[in-house]
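Structural description and commentary
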Protein chains: 2
Amino acid sequence: MSDIAKKPEIAFIGIGLMGFPMATRLLQAGYPLRAWNRTHEKALPLAEAGAQVEKTLGKAVKGADIVITMLEAGPVVKDVVKAMLPFLSAGMLVIDMSSTKQSEAVEVSQMLSEKQVVFMDAPVSGGVVGASAGTLAIMAGGSQEAFKRAEPLFKAMGRPTLVGPVGSGQIAKLCNQLIVGGTVAIVAEAMLLAQAGGADPAAMRQAIRGGFAESRILELHGQRMLDRDFKPGGQIKSQAKDHANIMAAAADAGLQIPLTAMVAELFNSLLEDYATADQAAALLAVEKINKDKGIRLGTAEDRF
Amino acid sequence: MSDIAKKPEIAFIGIGLMGFPMATRLLQAGYPLRAWNRTHEKALPLAEAGAQVEKTLGKAVKGADIVITMLEAGPVVKDVVKAMLPFLSAGMLVIDMSSTKQSEAVEVSQMLSEKQVVFMDAPVSGGVVGASAGTLAIMAGGSQEAFKRAEPLFKAMGRPTLVGPVGSGQIAKLCNQLIVGGTVAIVAEAMLLAQAGGADPAAMRQAIRGGFAESRILELHGQRMLDRDFKPGGQIKSQAKDHANIMAAAADAGLQIPLTAMVAELFNSLLEDYATADQAAALLAVEKINKDKGIRLGTAEDRF
C-alpha cells in the first residue's frame, strides 16, 4: 500500500489504439492515472480500469508528476504540448511516446525547458499486440536522470533502452523501421526470383528458414506474400511515412543511404493504390516493375 | 548389420573445407564411402573415419550407387563430371552439392542423361559449422524419385527440402544469398543512421532486438559491425560472386530486382580492397559513400 502511495501521478494524453492498452498496463501496475483524449468518448472505457478520465487537457495534466503523450504524429504532439504548457510546472517530466521526427522532439524539448519541464522522446515498436502484452520495445532519448525516473513506468509497458540524448529515441525507431521496410522489400525480391527461376517459393522459404537468411520478416511477411494476404498489420502508408522521416533524418545528418532511398521509393509507389495494405505488399511493387513479363508470386487471389 | 549392408555405396568427390565434414557425417551414418580429391593429400585424413581414399577419379566413382560432388564452382563441376563420364553407368545418381549457376546444373544434368545417369543439384547453406554439426540447409532440385533416393544421405548431413526440378536448388540457394547480402547491407545503413543521427548504435540495436527488425544478420553481423570485426565468416568475394550469379539468374528469367542489383554493386565496390573480409564489411561500402562527411561507426579499429 505504501508502495502504491509513492507512485508518481500520471497524465496520459492520447487514448487511441496504442494509448488505450498502454495506459491500461500502467493502471494495472498501480499507477494513479488521469486520461485525456481529443474525442472524449474513446477514453471513457478506461475509467473501468481505474483511470480518471478528464474532459479538458488542463485538468488532466495539472499537478501530474509525469505526462505521457501518445499521439498521431509530430505536429499533433507540438500542438498538444503547446496547449498544455500553461498547466505544467517546474520539475515535471513529459514523455512523448509517439513517432515523430527527431527535429520535432528537439523542438518540443526546448519548448518545455523554458518552463523547467524535463522531456524524453520514447517511441515504441511492437504494435497493439505488444502494447496489450506489455512487451513494447521502448527507445528512449533523454538524460540518464530522466530515464531512471521513467524506467519503472516503461517497464510496465515493455522493454526500455536509453539510446542517447533527446531526439535519439526517434532515430532508433527510424532505424527499426529502416530495417523492417528494407527487409520486407529484399524478401519480396527473393520470393520473385524463386518464382521466376522455377523454384517453388514456399519450398525455398521453408528450406532457408533457420539459417543466415532467417528473420521475423521472412517468417511473418514471407508467409503473407505466399498467401497474397495483404490485410494489415503495419500499413504501407505508415511505412512510407516512416521512410520519408528516415530520409529526412539522413538528410539532416548529411548521410547517404542509397538502398534505403530506393526502398522509400518502392513504398511511395504503392501509396496511390495500396495505402492501407500490409507492408508485405512491397511484393506488389516489385511485381509492378516486372508486369511486362507477367511475373507474379503464385496463383492465389490478393486479399486486402 | 543388414541395414548397413543395404546402404548405397557413395563416391564423394571434393574433400575440401565443406566436403570433409560432410563426407565424415556420411561415414558416421554408416555409408560405405570412397573419396577423391584433386589434391590427394587433403583427402587422406578421411581414411581414419573409414573412407577408402582413391588416387583416381575413375576408381572412386566406378560401381558407386551415388556420386556426390562438392566443388568450388560450376565450371569445375562441369570439368569433373566430364572426366568421370566414362566410369558412370545407367541408373547411378549424381548429386552436385556445390554452388553453381542454374544453367550449369541444367547442362550437367543433360550431359549425364545421355548415359541414363540421374542428376540432382543440392547446394547447401550453413557453412563449415553446419557441415560438421550435420545441420546444413540442403536445397534440392530434381525429381521426387531422385529426392527419395537421396533423402537418407541428405538427412545425415542436414535438413533437406525438394524445391523443384533440376537447377531450382541453385535458385533457392541464390534466394538465400540474396536475402543474406541484402539484409547485411540494410543493417549497415541502419547502423550508420543511428551513428549520424546521434543515437548510440549499440543501444539502438539492443533496443530493437526481438522485434520485427530481428534477424540472424542483425544478431551476428550487427555485432561484428559494432566491433568493426571483419574477420570472416562469409567472405565479400563469395558474396560478390553469389550476387553476380543472382543477377545472371534474374536476367535469364527476365526478372528485374533493383534493390538486389544495388546490393550487388555495393559488394563489388569492396572487391578491390576487402575481398577476404567478412560480409559485415558491407558497412565499409556505405561508409565509403559517406567519407566526405567522415561518418564512421564508432571508434574501434578495423580488424581483418
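A quick note: this is a predicted structure, and the numbers were derived from the prediction, not measured. (Residues numbered from 1 in each chain as written. Chains lettered and ligands numbered in written order. Predicted model: local features only at pLDDT ≥ 70, side-chain atom pairs only at ≥ 80, totals over all residues. Heavy atoms only, no water.)

Observations regarding the overall build of chain A
The helix and strand inventory of chain A stands at 15 helices and nine strands. Here chain A has a C-alpha radius of gyration of 21 Å; the compact-globule value for 304 residues is 19 Å, and the two agree. Taken over 304 residues, chain A has a buried fraction of 57%. For chain A, long-range pairs separated by at least 24 residues make up 65% of all intrachain contacts whose partners lie at least 6 apart in sequence. About 12000 Å² of surface is accessible on chain A, with carbon and sulfur atoms providing 52% of the total. (Helix = DSSP H or I, 4+ residues; strand = E, 2+ residues; numbered from the N terminus. Rg over C-alpha atoms; globule rule 2.2 N^0.38 Å. Buried < 20%, exposed > 50% of the residue type's maximum accessible area, 1.4 Å probe, protein only. Contact = heavy atoms within 4.5 Å. Areas by Shrake-Rupley, 256 points an atom, 1.4 Å probe, with all protein chains shown as cover.)

A closer look at the domain arrangement of chain A
All names here are of chain A. By domain assignment, chain A separates into domain 1 (3–165) and domain 2 (171–293). A C-alpha centroid distance of 31 Å is found between domain 1 and domain 2. With ten residues of domain 1 in contact, the opposing surface of domain 2 contributes six residues. The contact between domain 1 and domain 2 buries some 750 Å² in all, and 56% of this surface belongs to carbon and sulfur atoms. Linking domain 1 to domain 2 there are zero salt bridges. If you look at where domain 1 meets domain 2, you find three residue pairs in polar contact (both at pLDDT 80 or more). Residue composition of the side of domain 1 that touches domain 2, grouped by class: five nonpolar, three polar and two charged. (Domains from an automatic or database assignment. Buried area = accessible area lost by both parts, 1.4 Å probe. Salt bridge = Lys/Arg side-chain N within 4 Å of Asp/Glu carboxyl O. Polar contact = N/O pair within 3.5 Å; in protein donor to acceptor, adjacent residues only side chain to side chain. Nonpolar A, V, L, I, M, F, W, Y, C, P; charged D, E, K, R; others polar.)

Re the environment of Leu 218 of chain B
Residues and elements named next belong to chain B. The residue Leu 218 is located in helix H11 (residues 216–227) in this model. Taking the relative accessible area as the measure of exposure, Leu 218 reaches 0% and is therefore buried. With 22 residues separating them in the primary sequence, Leu 218 and Ala 240 have C-alpha atoms 20 Å apart.

Structural notes on the side chain of Asp 121 of chain B
Residues and elements named next belong to chain B. Tracing the sequence through the fold places Asp 121 in strand S6 (residues 118–121). One buried charged residue, Asp 121, remains without a salt bridge, the closest side chain of opposite sign being Lys 173 at 11 Å. Here Gly 167 takes part through its backbone nitrogen, which lies 2.8 Å from a polar atom of the side chain of Asp 121. Side-chain polar atoms of Asp 121 contact the backbone nitrogen of Gln 170, separated by 2.9 Å. Excluding residues that lie within four positions of it along the chain, Asp 121 makes contacts with Asp 96, Ala 105, Met 139, Ala 140, Gly 141, Pro 165, Val 166, Gly 167, Ser 168, Gly 169 and Gln 170. (Lys, Arg positive; Asp, Glu negative; His and termini not counted.)

With respect to the side chain of Ser 168 of chain B
For Ser 168 of chain B, the location among the structural elements is in helix H9 (residues 168–197). Taking relative accessible area as the criterion, Ser 168 of chain B reaches 1% and is therefore assigned buried. Within the structure, Ser 168 of chain B has its side chain in polar contact with the backbone oxygen of Pro 165 of chain B (distance 2.7 Å). Excluding anything up to four places from it in sequence, Ser 168 of chain B contacts Gly 198 and Ala 199 of chain A together with Asp 121, Gly 141 and Val 163 of chain B.

Regarding the pattern of salt bridges
Taken as a whole, this structure holds 20 salt bridges over all chains when the rule is applied. Asp 302 of chain A is the partner of Arg 296 of chain A in a salt bridge, and the nearest nitrogen-oxygen pair spans 3.6 Å. Accessibility expressed as a relative area gives 31% for Arg 296 of chain A, which makes it partly exposed. We note a salt bridge from Arg 228 of chain B to Asp 302 of chain B, for which the minimum N-O separation is 2.5 Å. Of this pair, Arg 228 of chain B sits in the loop between H11 and helix H12 (236–253) while Asp 302 of chain B sits in the segment after helix H15 (282–289), and the two are 74 residues apart along the sequence. Judged by relative accessible area, which is 30%, Asp 302 of chain B ranks as partly exposed. Three or more residues are tied together by salt bridges with common partners; here these are Arg 228, Glu 287, Arg 296 and Asp 302 of chain A.

With respect to the packing of helix H2 (residues 19–28) of chain A against helix H8 (residues 144–157) of chain A
All names here are of chain A. One way to put it is that H2 packs onto H8 with a least axis distance of 8 Å and a crossing angle of 115 degrees. In terms of their interaxial angle, H2 and H8 are classed as roughly perpendicular. For the element pair H2 and H8, the recorded crossing hand is right-handed. Along its contact with H2, which presents Met 22, Arg 25 and Leu 26, the element H8 presents Leu 153, Ala 156 and Met 157. Residues of the contact of H2 with H8, tallied by class, amount to five nonpolar, no polar and one charged. (Axes fitted to C-alpha atoms, helices over the stretch in contact; angles between N-to-C directions. Parallel < 35°, antiparallel > 145°, perpendicular 65-115°, else oblique. Left-handed = near helix turned anticlockwise from the far one by under 90°.)

A closer look at the relation of the copies chain A and chain B
The operation relating chain A to chain B is a screw motion whose rotation component is 180 degrees, with 0.0 Å of axial translation and a residual RMSD of 0.0 Å. The transformation just described matches what one would write down for a two-fold rotation axis. Taking the C-alpha atom as reference, chain A places Ser 215 of chain A closest to the rotation axis, 2.0 Å from it. A share of 100% of interface residues in chain A that are also interface residues in chain B marks the association as one of identical surfaces. (Least-squares fit on C-alpha atoms with pLDDT ≥ 70 in both.)

As for the interface of chain A and chain B
Of the residues lining the interface, 66 residues belong to chain A; the matching set on chain B comes to 66 residues. Taking both partners together, chain A and chain B bury about 5600 Å²; carbon and sulfur atoms supply 72% of that area. Three residues, Leu 193, Phe 212 and Leu 259 of chain A, lead the burial of chain A against chain B; their summed loss comes to 14% of the area buried on that side. For the interface between chain A and chain B, the tally reads zero salt bridges. Inspection of the region where chain A meets chain B yields 18 residue pairs in polar contact (both at pLDDT 80 or more). Among the elements that take part in the side of chain A that touches chain B, helix H9 (residues 168–197) of chain A stands out by supplying 21 residues, more than any other. The residue makeup of the side of chain A that touches chain B, split by class, is 43 nonpolar, 16 polar and seven charged.

Let's talk about the packing of aromatic side chains
Per the stated rule, a full pass over the model turns up six aromatic pairs over all chains. On the basis of an interplanar angle of 40 degrees and a centroid distance of 6.2 Å, the ring pair of Phe 147 of chain A and Phe 154 of chain A is categorised as tilted. Assigned by exposure class, Phe 147 of chain A and Phe 154 of chain A land together as buried. Ring geometry for Tyr 274 of chain B against Phe 304 of chain B: centres 5.6 Å apart, planes inclined by 15 degrees, an arrangement best described as stacked. Of this pair, Tyr 274 of chain B sits in helix H14 (residues 271–274) while Phe 304 of chain B is found in the segment after H15, placing the two residues 30 residues apart along the sequence. Note on Tyr 274 of chain B: relative accessible area 25%, which makes it partly exposed. Over the ring of Tyr 31 of chain B we find Lys 7 of chain B; its NZ or CZ atom is 4.6 Å from the centre of that ring. (Phe/Tyr/Trp six-rings, centres within 6.5 Å; stacked < 30°, edge-to-face > 60°. Lys NZ or Arg CZ within 6 Å of the ring centre and 35° of its normal.)

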